[in-house]
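Structural overview for review
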Amino acid sequence: MSEAADTATPSVPPAAPPGRNSIYRHGLIVRITHWVNAGALAILLMSGLNIFNAHPALYWGEQSHFDRPALSMQAVRGPDGTSRGITTLGPLTIPTTGVFGLSGASGRQEARGFPAWLTLPSQRDLASARHWHFFFAWVLVLNGLAYVGSGLASRHVQRHLWTPLRELKFIPHEISNHLRLRFPQGEAARGYNVLQKLSYFGVIFLLLPLIVLTGLTMSPGLDAAFFNALPTMFGGRQSARTLHFIAAAALTGFFIVHVGMVLISGVGNNLRSMITGRYVLPQPKVRPPKPEAAQ
Amino acid sequence: MKLDRRRLFAGALAAVGGLLMGGCNRLSASPSFQDFLISAQGLNRRGQRLFQTRMGLAQEFSAADISPAFRANGETNPKAPAYLALLANGFADYRLKVDGLVDRPLALSLEELRALPARTQITRHDCVEGWSCIGQWTGAQLGALLDKAGLKPSARYLVFHCADEWDGRPGQRVHYYESIDLYDAHHPQTILAYDMNGAPLPVAHGAPVRLRIERQLGYKHAKYVMRIEATDRLDHIAGGKGGFWEDRGYEWYAGI
């Protein structure tokens, strides 16, 4: 779109001024679906945590063995009468007062899994949280199908997200580059590096389908469809609920690393490329000559 | 300079986040926005039923899978005097009323209910809160009961009126109620359960009779069922949304 505008107004200098290697990086559908996805995932995560708070415990298997949760967040009253928040993870008991199990302004702390600032709505409201969650689940799925459909048709997925086997050998090199916060420059920055390809592909084709399918498995209506294939696939409804939670945690981890990388590898350039599509290839830094001493 | 910009950026981000949260909370409290969000439930019902076959069964388990401690939720010990009187007499005076849009209104004793075509099933109970328990249920098939009463062609829903009382508007007590449509009413696993795990239904689980509607969440499985009313609409009953929890914001279609 912006390219059309460029050609239509020849008086404006070309979008890629000489020496600033500007490329058209993200197509319109990628940009739109990216931001819809970001918004939907944020709402799904926060409303999901509110739903979790209705029964802040996870189990493995078909049903809930209340005496042995895989994870639980609860408030317990100590011998001195004060409440504290604890999180149990298998055999471990971790004090988490203020964050998990018990949180809120001092003096008005309440027993709840995740704190109010992480849930949608903030207060405990399972009915509303379910409405948010199930509405934006449709948004997530339809948006994801639009993205994958157009990405396959345009061969964006095959060309830019799929990792050719020969690139796998760059993984150690890329990890060391990332750890030293060295990012590709010039022509090498044109495409995604191998870690980007693997993580984007993993999120889009493994993690997001996993979270959708485990979400569907929690539905008794759909469990009765497909000859009970959904709960069978995940080892039971409670396992599916636990996997749904783990997938949400993994997506949150991806989000944190993703935003971190966006921030430190040129936040303006990165954001612009996902808004207007235009991306300036970072040029290798030429060591500037020592500045002359101030006069 | 750079630091200031960064701090500004972080500040702006926090401000936007706060505004978004406040906005979402305000939106969440708006009934019309909730109605907009809940509009997806029609899609959920139709979508699920597209993949369910009409008589497709919920998964059934073996006796070894039965929960050692099946959690009782909602009302577990009704205090309504009429219910306590029935309980004191071992439900000998209990009569399940079937009325509304039927050709032959019924009032069945437990013995008569037990004489109807029955089904035993070991199924998983999924609470809207997120937990699941497995139990064995025996009860009269609702479809057979409806055939006996003869549904009028105009009947679209079945409303289950229950004995347990809950807080309604301030100072007011209301009875629990639930409703289902005929699609689920005629499903083979939809039963009026009078036995649980091989023994008469305990009070905590809805004695003497509770509904089992295995393809939906726990709150649809009305306990302490006293009367089944066939009706063509739901808007004239209580809050008009088709159930106690539905009147408090929960989805009428609870297959999700």
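Residues numbered from 1 in each chain as written. Chains lettered and ligands numbered in written order. Predicted model: local features only at pLDDT ≥ 70, side-chain atom pairs only at ≥ 80, totals over all residues.

**Some points on the overall build of chain A**
Applicable threshold: Secondary structure follows DSSP: runs of H or I at least 4 residues long count as helices, runs of E at least 2 residues long count as strands, and numbering of each begins at the N terminus. Any residue with 12 or fewer other C-beta atoms within 10 Å of its own C-beta is exposed, any with 20 or more is buried, and the rest are partly exposed; the C-beta atoms used are placed from the backbone. Residue pairs are scored as contacts if the distance between their C-beta atoms, which are placed from the backbone, is within 7 Å.
Secondary structure summary: chain A contains 10 helices and eight strands in total. Evaluated residue by residue, chain A yields a buried proportion of 28% over its 295 residues. Partitioning the contacts of chain A with sequence separation of at least 6, the portion at a separation of at least 24 is 59%.

**Some remarks on the overall build of chain B**
Along its length, chain B carries seven helices and 10 strands. Along the first, second and third principal axes, the C-alpha set of chain B runs to 85 × 45 × 40 Å. In chain B, which comprises 256 residues, the proportion classed as buried is 40%. A sequence separation of at least 24 residues applies to 68% of the contacts in chain B between residues at least 6 apart.

**Quick word on the nonpolar core**
What counts, and what does not: Note on definitions: a nonpolar core is a set of buried residues drawn from Ala, Val, Leu, Ile, Met, Phe, Trp, Tyr and Cys, linked by C-beta atoms within 7 Å.
Core analysis: the largest hydrophobic core is formed by 70 residues, its most contacted members being F136 of chain A together with L158, F160, C162, L192, A193 and V225 of chain B. With sequence-adjacent residues up to four places away left out, L158 of chain B is seen in contact with S179, I180, A185, I228 and A230 of chain B.

**Observations regarding the interface of chain B and chain A**
Filter applied, for reference: For this scheme, ten residues count as nonpolar: Ala, Val, Leu, Ile, Met, Phe, Trp, Tyr, Cys and Pro. Four count as charged, namely Asp, Glu, Lys and Arg, and the remainder, Gly too, count as polar.
Contacts between the two partners involve 39 residues from chain B, matched on the other side by 31 residues from chain A. At the level of secondary structure, the elements contributing two or more residues to the side of chain B that touches chain A comprise helix 1 (2-29), helix 2 (31-38), helix 3 (40-51), strand 3 (118-126) and strand 4 (132-141) of chain B. In terms of residues, the side of chain B that touches chain A owes the most to one element, helix 3 of chain B, which gives five residues. Residues belonging to the side of chain B that touches chain A are distributed by class as follows: 17 nonpolar, 14 polar and eight charged.

**What to know about the sheet that holds strand 3 (residues 71-77) of chain A**
Residue and element names in this part refer to chain A. Worth spelling out the cut-off: We call two strands paired when DSSP finds no fewer than two bridges between them.
Strand order in this open sheet of four strands is 2-3-4-5, and the pairing throughout is antiparallel. A strand with exactly one partner marks an edge of an open sheet, and here the two such strands are strand 2 (57-58) and strand 5 (92-95). The pairing of strand 2 with strand 3 spans two bridges and is antiparallel. Note on strand 3: the bridge partner recorded for A57 is S72.

**Some thoughts on the sheet that holds strand 5 (residues 157-167) of chain B**
The strands making up a sheet associate through hydrogen bonds between their backbones, and the pairing can be parallel or antiparallel. All names here are of chain B. Counted only if it meets this: Interaxial angle, 0 to 180 degrees, is taken between N-to-C directions of lines fitted to C-alpha atoms, where a helix line uses only the stretch in contact.
Spatial strand order, 2-1-10-5-6: five strands in an open sheet with mixed pairing. What marks the edges here is a single partner per strand, and that holds for strand 2 (106-108) and strand 6 (173-181). Strand after strand, the sheet turns through a mean of 20° between neighbouring axes, direction not considered. With six bridges connecting them, strand 5 and strand 10 (residues 225-231) associate as antiparallel partners. Pairing of V159 across the sheet is with E229, part of strand 10.

**Quick look at the domain arrangement of chain A**
All names here are of chain A. Note the threshold: Domain borders in the structure are assigned automatically or taken from a domain database.
Per the domain assignment, the segments making up chain A are domain 1 (2-56 + 114-280) and domain 2 (63-113). Placing a centre on the C-alpha atoms of domain 1 and another on those of domain 2 gives a separation of 32 Å. Between domain 1 and domain 2, the residue contacts involve nine residues of the former and 12 residues of the latter. Contributions of two or more residues to the side of domain 1 that touches domain 2 are made by helix 2 (28-53) and helix 9 (237-264). Its residues assigned to classes, the side of domain 1 that touches domain 2 shows five nonpolar, three polar and one charged.

**Here's the deal with the packing of helix 3 (residues 126-153) of chain A against helix 3 of chain B**
Relative placement of two packed helices is described by the angle separating their axes and the distance separating the axes. Note the threshold: Note that the term roughly parallel is reserved for angles under 35 degrees, roughly antiparallel for angles over 145, roughly perpendicular for angles of 65 to 115, and oblique for everything else. Left-handed describes a crossing whose near helix is turned anticlockwise from the far helix by less than a right angle; the clockwise case is right-handed.
For the pair helix 3 of chain A and helix 3 of chain B, interaxial distance at closest approach is 9 Å and the crossing angle is 70°. In terms of their interaxial angle, helix 3 of chain A and helix 3 of chain B are classed as roughly perpendicular. Helix-helix and strand crossings are classified by hand; for helix 3 of chain A and helix 3 of chain B the assignment is left-handed. Between helix 3 of chain A and helix 3 of chain B, the residues in contact are F134, F135 and W138 of chain A and A40, L43 and N44 of chain B, respectively.

**Quick notes on the environment of G249 of chain B**
Summarising the element assignment, G249 of chain B is placed in the segment after strand 10. By the C-beta count within 10 Å, which is 16 here, G249 of chain B ends up partly exposed. Separated by 33 residues in sequence, G249 of chain B and Q216 of chain B place their C-alpha atoms 16 Å apart. Those residues within four positions of G249 of chain B in sequence are excluded, and the remaining contacts are A127 and S128 of chain A together with Q34 of chain B.

**Digging into the confidence of the model for chain B**
Regions with low pLDDT carry predicted coordinates that are not meant to be interpreted in detail. Just so we agree on the cut-off: Confidence of the predictor in every single residue is expressed as pLDDT, which spans 0 to 100.
Across chain B, the average pLDDT comes to 94, with 98% of residues at 70 or higher. Across the whole predicted complex the pTM is 0.91, and at the interface the ipTM reaches 0.92.

**Re the pairing of strand 5 of chain B**
Within a regular strand, side chains alternate between the sheet's two faces. Residues and elements named next belong to chain B. Strand 5 sits mainly inside the fold: eight of its 11 residues count as buried. Pairing of strand 5 with strand 6 involves eight bridges; the strand directions are antiparallel. What sits directly across from F160, in strand 6, is E178.

**Looking at the packing of helix 3 of chain A against helix 2 of chain B**
As a packed pair, helix 3 of chain A and helix 2 of chain B sit with axes 8 Å apart at the nearest point and diverge in direction by 45°. For the element pair helix 3 of chain A / helix 2 of chain B, the angle class is oblique. Considering only the axes of helix 3 of chain A and helix 2 of chain B, their crossing is left-handed. Two secondary-structure elements touch here, helix 3 of chain A through S128, H131, W132 and F135 of chain A and helix 2 of chain B through Q34, L37 and I38 of chain B. Looking at the contact of helix 3 of chain A with helix 2 of chain B residue by residue, the classes come out as four nonpolar, three polar and no charged.

**Some words on the pairing of strand 7 (residues 191-196) of chain B**
Residue and element names in this part refer to chain B. In terms of residue burial, strand 7 counts as a mostly covered element, since five of its six residues are buried. In the sheet, strand 4 pairs with strand 7 via five bridges, with the strands oriented antiparallel. Within strand 7, the position partnered with W137 by the bridge is M196. Pairing of strand 7 with strand 9 (residues 210-212), which is carried by three bridges, proceeds in the antiparallel orientation. When the bridges of strand 9 are listed, I191 appears paired with R212. Pairing of strand 7 with strand 8 (residues 199-200), which is carried by two bridges, proceeds in the antiparallel orientation. Within strand 8, the position partnered with M196 by the bridge is A199.

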